[in-house]
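The primary structure of each chain is shown beneath.
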Amino acid sequence: MIDAFYIFTKGGLLLWSTQLVKVKGNPLDRLIKEVLLEERVGETFATLDVYNLKWKLLNDMDLFFVVVYQGILQMAYLEGLLSMAAKEFSHHIATSFGGGLNIKHVDFEKDFLRCRQKADKELKESRKPGGMRSFEDTKKGADVQKNREEKGLPAPAKKGKSGGTDGDKEEDDEEEDAAVAEARAKLAGGKSKAKKDAEAPKPKKGKEARHWDGGKVSKSLMEELDFSKNKPDEADLAAKQAEFLGSGDEEDFEAEVESLSSGSDAEEEKKDDGRVGGLFKSLTKGVKNITGGAVLTEGDLEPILKKFKTELMTRNVAAEVADKLSDSVRKSLVGKTTGRFTSMASTVKQALKESMETLLTPKKSIDVLRAALAAKNAGRVYTIVFLGVNGVGKSTNLAKVAYYLKHKGGLDVLICACDTFRAGAVEQLKTHSRCLDVPLFERGYGKDPADIAKNAIAHAKSNGHDVVLVDTAGRMQDNEPLMRALAKLVAINSPDLVLFVGEALVGNDAIDQVSKFNRSLVDLSADPRNPRGIDGMLLTKYDTVDDKVGAALSMVYVTGQPVVFVGTGQKYTHLRKMQAKEVVKTLLG
Amino acid sequence: METIRQASGSIESFLGVGSSTALVLTWLVILLSVYITVQIFQVASGGTLRTRRSRGNVTLMLGQCGAGKTATFFRLRDGEEVQTVSSLQLSRDKFPIKAGENADQNLPSVEVVDFPGHLRMRGKASDMLPEARCIIYLVDSEDKPKLKDVAEHFYELLTHPDMLELHTPILIACNKSDLGSARSEKFIVEEIEREIEQMRVSRGATLEGQDQADSYLGIDGEKFKLMEHSPCPIQTCKISAKKNEMQPLYDFLMEQYA
Ligand SMILES: Nc1nc2c(ncn2[C@@H]2O[C@H](COP(=O)(O)OP(=O)(O)OP(=O)(O)O)[C@@H](O)[C@H]2O)c(=O)[nH]1
Ligand SMILES: [Mg+2]
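Please read these numbers as outputs of a predicted model, since none were measured by experiment.

K.L.:
What is the right way to look at the sheet that holds strand S4 (residues 51–58) of chain A in this model?
P.N.:
The strands that make up a sheet pair up through hydrogen bonds in the backbone, lying either parallel or antiparallel. Residue and element names in this part refer to chain A. Taking strand neighbours across the sheet as the criterion, the 5 strands line up as S2-S1-S5-S4-S3 in an open arrangement whose pairing is antiparallel. Only two strands of the sheet have a single neighbouring strand rather than two, namely strand S2 (14–19) and strand S3 (45–48). Ignoring which end each strand starts from, the neighbouring axes of this sheet average 15 degrees apart. Pairing of strand S1 (residues 2–9) with strand S5 (residues 63–69), which is carried by 7 bridges, proceeds in the antiparallel orientation. Paired with Ile-7 across the strands is Phe-65, a residue of S5. Lying over the sheet, helix H2 (residues 75–93) contacts S1, S2, S3, S4 and S5, oriented at roughly 140 degrees with respect to S5.

Structure, rendered in structure tokens:
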């Protein structure tokens, strides 16, 4: 059913992996570089080539679990499998995790097989008539977890009574009871006591747990096909977590574990100890918010993120982008412990700052002049196509780029007038051409722009021009026929750089514009296997936006492409490169 | 512990609140005073640091994606081969460096940072520069196309204000020398020099308002020489993390932490 499964750390260690079917290419590498490193951690699913990937992040351990498959699989099944594997795995490495650097490879074959069989079985059961249960359970489990995280309550030890495997319960009961009793004594016996216990290392109990564990493993080897065996693990796990995660960490961890199983009695228990513990919790949490060392929960993050989100939106970041970004930051922070003397708000701000800086740092060279010079050295003509909606300043900024390439790089530039649509467009370029003393290639109005560009490039080749700058007619992103014509121009001439020109002052529309232009180009690419979209953006009127620089972030987020230039005024010299750090500083106020 | 209990007892009687609340209050007061002390201390020490900056104390590992930084990090630390994926986050650890085969020397504890190579992380990598005592720059000797990116990164590093001020030594470690198709140190250095030469035309031509970092490297009209024209000492070497041929790294670290 699934093709492969990977477990790795954020630091870049592949701790365990299996390929049930040989995986072609390297979807995992693409996932890391194109999704996870692009601040899209907020999502948990991606399609890359023929593969679908779904993943889970255990924040407190900086561990990623990734399942790779083809075709369609039930999300609940995948989530179940990921959660089970995550639980089993953290159980497996509990005693020696040590900040994540001490475990380099883990033998996880057997446990994974068990997880898979259990998930398969649950799936089968959910398909039986009246077998909606496992779905219900997962949902309920998730709710319980959410609830708990919001209230900051520790999860009580679980009785292994619920869950979808009624069949083989009795045999385990004894074992379970002992384990549950032990865990209860620790966790449910009063919050403060559980805390103290967790703070002091308790080698004795830990050791016992391990012995017991050893016995269980051999047992589970014998009964590999018995899926219900993981129930005692939970209690065992609880004991271990308390041992190695130390104070404060266990709640979330428990919550994580809890989400895997149904929670009817878990819920009841929670209600009992809610009150008193809740007050104590909120008090300590308040202290920790000042002194640091608080474990972040969804409930803590929500109001803070909301505030930042509003702030971003007032600075013109598109709502959708602000949403996704804060989702991503939330996912990467839940379960983390705040640093020493760092409040939650500043932790969130720092995370947001880093993630925006990462986004705005180009992932490829944006040195146009260097690329043009390299092309010249290689005896090629370097072509840039400028495109965008009407009236954003395409021609003016094209002229600025011409000036830059000519005066700073000593390049021989040719301007090509492909706006054969709007009256006066050619004349406007003529004026620039005269002011800049740069030749203009034009064929008047009404001709096919794709052909004109082609001729211009040929002309440049035979006349020793180094660079061709192609101006195109402004068009609305919804105008199908015009977008098609544009895609044709790009497909036929395959320019070195396709620059989207947009106004720095657009808000929510930025996304619509840039994504539709990009989509049109990609859909109508000359080579569908290697689609060609927008390569970068030029933001105009950047001098007029004050602190509302959000469009830069929106456009970069949507396209994944960098802002190559910003236009800052009317003069030819008013062209700059964008400084990621400045933008972030402005956006965060 | 006893004093705390006494203090909380007095608060208990003074305010007439329950014992657990009093305990919490006591802790609160203690933590608050500790916090303030630390803040004052930090401000004070920060003030003195700023007047005369000196290099930090970590060994910073940089290089492109797939150059072998993570592999080298764990080789240095544990002498083990590991399986890796592209790093999303830096790894940092303090550990003793054994001087390889002829281990009569060793360093008791060196803090090493393995910084992810993804281009999006480059800005953050520069933020680490003040912390660095030295830089080990790993290059994938087999990947010629990537050398363009390497050169670009070097241009940024060598014109970075922190580098200009701190002169942090760089070791260019040409990794994967075990592969038959690996290029020589000489080839790699020349390729970087050639690319930088092309780049300085475009970089030197600063756009208006660009920061100072994008300034001219080397001497106008002369060929660019990495070893001569850099603001910091640069050495090169050949290693293989896979085959555990790491002696040059140990030698470099001994020199830097001597
Ligand atoms: N043949 C050979 N392969 C190596 C050597 N060192 C590392 N590799 C391989 O190169 C690949 C990438 O190594 P990593 O250590 O993950 O690279 P990295 O520099 O940490 O990359 P990022 O984390 O993406 O920045 C892995 O498959 C390694 O096995 C070496 O000396 N020889
Ligand atoms: Mg790495």
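K.L.:
Looking at this structure, how should I read the pattern of salt bridges?
P.N.:
Close approach of charged atoms lets side chains of opposite charge pair. Evaluated as defined, the whole model comprises 43 salt bridges over all chains. Across the salt bridge formed by Glu34(A) and Arg30(A), the nearest N and O atoms sit 3.1 Å from each other. Within this pair, Glu34(A) and its partner Arg30(A) are both found in helix H1 (residues 27–35), separated by 4 residues, close to a single helical turn. Between Glu38(A) and Arg120(B) there is a salt bridge, with its nearest N and O atoms 2.8 Å apart. Of this pair, Glu38(A) sits in the loop between H1 and S3 while Arg120(B) sits in the loop between strand S3 (106–114) and helix H4 (122–127), each in a different chain. Per residue, the accessibility class of Glu38(A) equals that of Arg120(B), and both read buried. Members of the salt-bridge network, linked through shared partners, are Glu311(A), Arg315(A), Asp547(A) and Lys548(A).

K.L.:
I would appreciate a short explanation of the coordination of the magnesium ion (ligand 2) in the present structure.
P.N.:
The reference angle at a metal is 109.5 degrees if four donors form a tetrahedron and 90 or 180 degrees if six donors form an octahedron. All names here are of chain B. Those donors, Thr-70 (OG1) and Ser-87 (OG), are the protein atoms that reach the magnesium ion (ligand 2), and they lie 1.9 to 2.0 Å from it. A residue pair is termed long-range when its members are at least 10 positions apart, and Thr-70 in helix H3 (residues 69–78) and Ser-87 in the loop between H3 and strand S2 (91–98) qualify at 17 residues. Each member of the pair, Thr-70 as well as Ser-87, is classed as buried.

K.L.:
Explanation requested: the interface of chain A and chain B in the structure shown.
P.N.:
By a widely used convention, the size of an interface equals the accessible area lost when the partners come together. Contact residues are listed per partner, giving 52 residues for chain A and 48 residues for chain B. Summed over both sides, the interface of chain A with chain B buries roughly 4,500 Å², with 59% coming from carbon and sulfur. Ranking the residues of chain A by area buried against chain B places Leu101(A), Phe341(A) and Arg370(A) at the top, with a combined share of 16%. In this structure, Arg370(A) and Glu152(B) form a salt bridge, with 2.3 Å as the shortest nitrogen-oxygen distance. The tally of links from chain A across to chain B stands at 15 residue pairs in polar contact (both at pLDDT 80 or more). Elements supplying a minimum of two residues to the side of chain A that touches chain B: H1, helix H10 (264–291), helix H13 (344–360), helix H14 (368–377), helix H15 (394–409) and strand S13 (575–576) of chain A.

K.L.:
Is there a simple way to explain the side chain of Arg40(A) in this structure?
P.N.:
All names here are of chain A. When you line up the elements, Arg-40 lands in the loop between H1 and S3. As a buried residue without a salt bridge, Arg-40 has its nearest oppositely charged side chain in Glu-38, at a separation of 4.4 Å. Arg-40 has contacts with Val-35, Trp-55, Ser-328, Tyr-557 and Val-558, leaving out every residue within four places of it along the chain.

K.L.:
What should I look at first to understand the pairing of strand S4 (residues 132–140) of chain B in this one?
P.N.:
Taken residue by residue, a regular strand's side chains alternate between the two faces of the sheet. Residue and element names in this part refer to chain B. Within S4, 8 of the 9 residues are buried, which leaves it mostly tucked inside the rest of the structure. Sheet topology note: the strand S1 (residues 58–63)/S4 ladder contains 6 bridges and is parallel. Pairing of Val-58 across the sheet is with Ala-132, part of S4. For S4 and strand S5 (residues 170–175), the ladder comprises 6 bridges, and the chain directions are parallel. In the sheet register, Tyr-137 faces S5, and the bridge partner there is Ile-172.

K.L.:
Got a minute to help me understand the UniProt feature "domain: SRP54-type proteins GTP-binding" (unreviewed entry) in chain A in this structure?
P.N.:
With numbering aligned to this structure, UniProt lists the feature "domain: SRP54-type proteins GTP-binding" (unreviewed entry) at residues 562–575 of chain A. Across residues 562–575 of chain A, helical content stands at 0% and strand content at 43%; the span's end C-alpha atoms are separated by 15 Å.

K.L.:
Any chance you could explain the site of ligand 1 here in plain terms?
P.N.:
All names here are of chain B. Of all residues adjacent to ligand 1, which total 21 residues, the nearest are Thr-70, Thr-84, Ser-86, Gly-117 and Asp-178. In this structure, an oxygen atom belonging to ligand 1 sits 3.3 Å away from a main-chain N or O atom of Ala-67. Alone, ligand 1 offers 650 Å² of accessible surface; in the complex the protein occludes 84% of this. The element that contributes the greatest number of residues to the shell around ligand 1 is H3, accounting for 3 residues. Per-class residue counts for the shell around ligand 1 are 7 nonpolar, 10 polar and 4 charged.

K.L.:
How should I be thinking about helix H11 (residues 298–314) of chain A in this particular structure?
P.N.:
Note on helix geometry: an α-helix contains 3.6 residues per turn, so any two residues three or four positions apart are oriented the same way. Residue and element names in this part refer to chain A. The first and last C-alpha atoms of H11 sit 24 Å apart over 17 residues, in line with the 24 Å expected at 1.5 Å per residue. Of the residues making up H11, those classed as buried are Asp-300, Leu-301, Ile-304, Leu-305, Phe-308 and Leu-312. Taken from the residues just after H11, Asn-316 is the one with a positive phi, measuring 80 degrees.

K.L.:
Looking at this structure, I do not really get the sheet that holds strand S10 (residues 497–503) of chain A. What am I missing?
P.N.:
All names here are of chain A. Read across the sheet, 8 strands follow the order S8-S7-S9-S6-S10-S11-S12-S13 without closing on themselves; strand pairing throughout is mixed. Among the strands making up the open sheet, the edge pair consists of strand S8 (440–441) and S13. With 5 bridges connecting them, S10 and strand S11 (residues 536–540) associate as parallel partners. The residue bridging Gly-502 from the neighbouring strand is Leu-539, located in S11.

K.L.:
Where do I start with the confidence of the model for chain A in this structure?
P.N.:
Close reading of the predicted structure is inappropriate where its pLDDT is low. Residues and elements named next belong to chain A. Per-residue pLDDT for chain A has a mean of 76; in total, 71% of the residues score no lower than 70. Every residue in residues 131–232 scores below 50 in pLDDT, and together they form 152 contacts with partners more than four places removed in sequence or on other chains. A low-confidence stretch, residues 237–274 (pLDDT under 50), is modelled with 101 contacts involving residues beyond four sequence positions or located in other chains.

About the cut-offs
- Sequence positions are assigned chain by chain, starting from 1 and proceeding in written order.
- Whichever chain is written first is A, and whichever ligand is written first is 1; the rest continue in order.
- For this predicted model, a pLDDT threshold of at least 70 governs which residues receive local features, and a threshold of 80 or more governs which side-chain atom pairs are given and counted, while totals over whole chains, interfaces and linings are taken from all residues.
- Side-chain metrics in this entry use all non-hydrogen atoms of the structure; hydrogen atoms and water are not considered.
- The rule for pairing is simple: two strands pair if DSSP sees at least two bridges between them.
- A run of H or I in DSSP counts as a helix once it spans at least four residues, and a run of E counts as a strand once it spans at least two, with each numbered from the N terminus.
- For helices, the fitted line uses only the C-alpha atoms of the stretch in contact; every axis is such a line through C-alpha atoms, and the angle between N-to-C directions lies from 0 to 180 degrees.
- Contacts are assigned to residue pairs with any non-hydrogen atoms lying within 4.5 Å of each other.
- Only one rule defines a salt bridge in this text: a Lys or Arg side-chain nitrogen within 4 Å of an Asp or Glu carboxyl oxygen.
- Burial status follows relative accessibility: with a 1.4 Å probe on protein chains alone, a residue under 20% of its type maximum counts as buried, one over 50% as exposed, and anything between as partly exposed.
- Each metal site lists N, O and S donors within 2.8 Å (3.2 Å for Na, K and Ca). With water left out of the atoms, a site can look as if it is missing ligands.
- Throughout, the accessible surface (probe 1.4 Å) given up by two parts as they are put together, summed over both, is called the buried area.
- Under this definition, polar contacts are N or O atom pairs within 3.5 Å; protein pairs additionally need one hydrogen-donor-capable and one acceptor-capable atom, and for neighbouring residues in sequence, both atoms have to be side-chain atoms.
- The charge count includes Lys and Arg as positive and Asp and Glu as negative, but it does not include His or the ends of the chains.
- UniProt positions are given in the numbering used here, feature names are shortened, and annotations may be inferred rather than shown by experiment.
- Distances are taken per atom, and a residue is near a molecule or strand as soon as one of its heavy atoms is within 4 Å of it.
- For every accessible area listed, the method is Shrake-Rupley and the probe measures 1.4 Å; residues are considered covered only by the protein chains on display.
- Polar here means any residue other than Ala, Val, Leu, Ile, Met, Phe, Trp, Tyr, Cys and Pro, which are nonpolar, and Asp, Glu, Lys and Arg, which are charged; Gly is therefore polar.
- By this rule, a helix spans an expected 1.5 Å times one less than how many residues it contains.
- One confidence number per residue, pLDDT, is output by the predictor and ranges from 0 to 100.

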